[in-house]
Structure formats: C-alpha cells, structure tokens
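Below are the chains, spelled out letter by letter.
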Amino acid sequence: MKVLLGIGGSDDSLDALDRTVERAVEAGDELTVAVLDNPESERSADEVIDHATAVLEDAGLDADVRHITGDPGSELVQLAEREDFDQVALGGGERSPMGKIRLGHIAEFVLLNAPVTVTLVR
Amino acid sequence: MTDETDTGPDSFPTPPLSFEDGEGREITVRTLPSTDDDDFEALVAMYDDFDPSMRAQGIPPTGESRIRSWLETLVGGDAYNVVAWHEGDAVGHATLVPDGEEGYELAIFVHQNSQGCGIGTRLIRTLLGYGAANGVTEVWLTVERWNHAAIALYEKVGFETTNAESFEIEMSMDLSAVNAQTDSTG
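Computed from a predicted model, the values in this text were never measured in an experiment.

Caption draft 1: Representation of the overall build of chain B in the model. Scanning chain B from N- to C-terminus turns up 4 helices and 10 strands. When the helices and strands of chain B are read in sequence order from the N terminus, they spell out β-β-β-α-α-β-β-β-α-β-α-β-β-β. Relative to a compact globule of 186 residues, whose C-alpha radius of gyration would be 16 Å, chain B shows 15 Å and is just as compact. Along the three orthogonal principal directions, the C-alpha set of chain B runs to about 40 × 40 × 30 Å. The contacts of chain B with a sequence gap of at least 6 include a subset with a gap of at least 24, amounting to 63%. Total accessible area on chain B stands at roughly 8500 Å², and carbon and sulfur atoms take up 44% of it. Measuring between centres, the 9 positive side-chain charges of chain B sit 5 Å from its 34 negative side-chain charges.

Caption draft 2: Quick look at the pairing of strand β9 (residues 168-174) of chain B. All names here are of chain B. Bridge count for strand β7 (residues 138-144) against β9 is 7 bridges, and the pairing is antiparallel. Across the sheet, residue W140 finds its bridge partner in β9, namely S172. Pairing of strand β8 (residues 160-163) with β9, which is carried by 3 bridges, proceeds in the antiparallel orientation. Counterpart to N163 in the pairing with β9 is E170. Taken together, β8 and the strand that follows it, β9, pair antiparallel across an intervening segment of 4 residues.

Caption draft 3: Main features of the packing of helix α1 (residues 38-48) of chain B against helix α2 (residues 64-74) of chain B. Residues and elements named next belong to chain B. The geometry of α1 relative to α2 is characterised by a closest axis approach of 10 Å and an angle of 125° between their N-to-C directions. Of the possible angle classes, the one that applies to α1 and α2 is oblique. At the point where α1 passes α2, the crossing takes the right-handed sense. Packed against α1, whose contacting residues are F40, E41, L43, V44, Y47 and D48, the element α2 presents E64, I67, R68, W70, L71 and E72 at the interface. Each residue belonging to the contact of α1 with α2 can be placed in one class, and the counts come to 7 nonpolar, no polar and 5 charged.

Caption draft 4: Region of the structure containing a negative patch on the surface. Residues and elements named next belong to chain A. Together, D15, D18, E22 and E26 make up a region of like negative charge exposed at the surface. Turning to its location among the elements, E26 is positioned in helix α1 (residues 11-27). Note on E26: relative accessible area 64%, which makes it exposed.

Caption draft 5: Spatial organisation of the UniProt feature "domain: UspA" (unreviewed entry) in chain A. Cross-referencing UniProt, the feature "domain: UspA" (unreviewed entry) maps to residues 2-122 of chain A in the present numbering. As a span, residues 2-122 of chain A carries 43% helix and 26% strand, and end to end its C-alpha atoms are 20 Å apart.

Caption draft 6: Up close: the nonpolar core. Residue and element names in this part refer to chain B. Ranked by size, the top nonpolar core spans 39 residues in total, and within it L106, I124, L128, Y154, F159 and L175 carry the most contacts. The element best represented in this core is helix α3 (residues 119-133), accounting for 7 residues. Residues within four places of L175 in sequence aside, it is in contact with F12, L128, A132, V136, T137 and V139. V44, I59, A79 and F109 belong to the second-largest nonpolar core, a separate cluster that totals 22 residues.

Caption draft 7: Quick peek at the side chain of T121 of chain B. Residue and element names in this part refer to chain B. Within the secondary structure layout, T121 lies in helix α3. Its relative accessible area of 10% is what places T121 among the buried residues. Reaching out from T121, the side chain makes a polar contact with the side chain of K156 at a distance of 3.4 Å.

Caption draft 8: Looking closely at the packing of aromatic side chains. All told, the structure shown has 8 aromatic pairs over all chains when counted by the stated rule. Ring geometry for W70 of chain B against F109 of chain B: centres 6.1 Å apart, planes inclined by 85°, an arrangement best described as edge-to-face. With W70 of chain B in helix α2 and F109 of chain B in strand β6 (residues 104-110), the pair connects residues that are 39 residues apart, well separated along the chain. In this structure F109 of chain B comes out as buried when scored by relative accessible area, which is 8%. One aromatic cluster is present, built from ring pairs that chain together Y47, F50, W70 and F109 of chain B. For K2 of chain A, the ring lying beneath its charged end belongs to F85 of chain A, and the centroid distance is 4.9 Å.

Rules of the game
- Residues numbered from 1 in each chain as written.
- Chains lettered and ligands numbered in written order.
- Predicted model: local features only at pLDDT ≥ 70, side-chain atom pairs only at ≥ 80, totals over all residues.
- Heavy atoms only, no water.
- Helix = DSSP H or I, 4+ residues; strand = E, 2+ residues; numbered from the N terminus.
- Rg over C-alpha atoms; globule rule 2.2 N^0.38 Å.
- Contact = heavy atoms within 4.5 Å.
- Areas by Shrake-Rupley, 256 points an atom, 1.4 Å probe, with all protein chains shown as cover.
- Lys, Arg positive; Asp, Glu negative; His and termini not counted.
- Charge placed at Lys NZ, Arg CZ, Asp CG, Glu CD.
- Pairing = 2+ DSSP bridges.
- Axes fitted to C-alpha atoms, helices over the stretch in contact; angles between N-to-C directions.
- Parallel < 35°, antiparallel > 145°, perpendicular 65-115°, else oblique.
- Left-handed = near helix turned anticlockwise from the far one by under 90°.
- Nonpolar A, V, L, I, M, F, W, Y, C, P; charged D, E, K, R; others polar.
- Patch = residues over 30% accessible without salt bridge, like charges linked within 9 Å, V, L, I, M, F, W, Y side chains within 5 Å.
- Salt bridge = Lys/Arg side-chain N within 4 Å of Asp/Glu carboxyl O.
- Buried < 20%, exposed > 50% of the residue type's maximum accessible area, 1.4 Å probe, protein only.
- UniProt positions renumbered as here; feature names shortened; annotations may be inferred.
- Core = buried A, V, L, I, M, F, W, Y, C linked by side-chain atoms within 4.5 Å.
- Polar contact = N/O pair within 3.5 Å; in protein donor to acceptor, adjacent residues only side chain to side chain.
- Phe/Tyr/Trp six-rings, centres within 6.5 Å; stacked < 30°, edge-to-face > 60°.
- Lys NZ or Arg CZ within 6 Å of the ring centre and 35° of its normal.

Laid out in structure tokens, this is it:
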C-alpha cells in the first residue's frame, strides 16, 4: 500500500512517525514522509526532517522524506491526489491538560478533504 | 428553586455544599484533595460504571486501570477537584487542571443515573467558587459542538465562547471579579 504520512513537529506527529514506520516495515508499505510547516509546533521543519531520516535509517526502511511548504493541510491532500496514494496517516491529536484529545487544524482539514482513507495514529 | 443557582455568575458557593436535587435526594459536594482515601476509590467506581456513550473527547477512559491513572493525574496535584455524593456513592465530579500557564482547564462529569436533576449546575458552580477562593482567575474548556446540553450549562454559569473554528468549541471565563460565598448552606 502506498502511504503518505504527514508530520509537523508535535509529539503526536513524532509518535505517528514511529508507529507508521513500524507498520510499514511489517506490512511492506511504500511510505512517503511529508514534513509540514505546522505553525502550532515548537520544532522546526529541519529538525523534523533530520529526526524522520534517523528513524527511517534505524528501521532500515527506504522512504522518501519531503518538506512540504505552503498551507499544510491543503498541500498534503493535493499530494495524495496527485501521486495516487492509498492512504494518508497523521498524528492522532494532542492531549489537553485534562487529557482531552484535541485535533489540530491540519487534521481537521485533511479528514474532511482527503479523497482517500485517513488514519489518525494513537 | 430559591437556592444559589439563581444568584447569577458573580457569586459562587464554596464546598462543602448540601442540597436536595430535583429527585428529592440529599446531595453533598465536597473537595477531593487526595488519591489515598476511600473517596478516591468511590470516584474510580463511578467512572468504571460510566456510560461509554457519554464519553467526550477521549475522556473518561474505559477500564479501571486506565481510569485510575487518568484520575491520578488530576487528583492530589495542583488541580482543584470537587465530587458530588449521594449517600456513599460518587455521582458527579468536576475538576480544574492547571494548564502550565496562567489558566485552568475545566471538566465536569455527572453519572448517567444522576443527570437532569440539577447536580451538574451545583457542582460546576461550587468548583468555580472553590477555584475563585483559591485565586484561580482564568478558566477555559473545550466542548464538542453538538453537545448542546453541556454548552447550555456552561453558558448558564457564565462561560463565553472564545473560539468556534475547530471541531470543538472553546469557552472561557474570568473569575477575577467573582465573589466566592463562604456560606456553604446554599
């Protein structure tokens, strides 16, 4: 399966990276990691790219890592359409101090607008 | 009703608070300062029996061990917790959790068998009075936009919508002008 993982620099994104890479190794998925500019994130895109590259190397998985600029949700959906991905994966949301799940704007946009299945990784 | 629920948002009761609910049951609202007493165990039991269809935004979790670890992050630290009791049973819980900045996040749960009889309003007002008496000023919460009953409750006690652009509505309230009543009779 051709999977497009979109990550910014939030903790749930990095967790989704670990889990999706693990899953791709097991399932033989063809993975592309799209690093998005998330204004809500503390980590820079360069840091996230370095981190993703290291995680992929550790897992021995050959996957594209791309930096996507522009509006993150829209660019991710367009990439999924343009390159015929079967699935988009994203982080499953941050937890509030109370423990409530909060979905960010990127996740909301992708869920509503993606032409393919969207997985929120928990 | 002629009790504290009619006095408006500028004045909240502080715990302990006793009242008769809409079903004529004697309800007491008390603080829950610590995880290591029987009250905490009774609260775990309330959540263990909580109707899963009434969960919101991933909480409360299901299963006793997950409930316990979730509650341990809320009780005994810097959060403010109040529990509504009917006889020996916990029937409602409301909490103010520090957000790491200036504010506190609020949540309230009332057991499915005790809803619709005025407990939620008393519980949230007593929590706000408890917070105000301890210097809490900025309180916020998020609520799913379809949850009209909860939104109506929050508006009734004085919350205003601050952000409605996401899946959830964000509401907040400034407690700095609130006068917490030390009269606990309601």
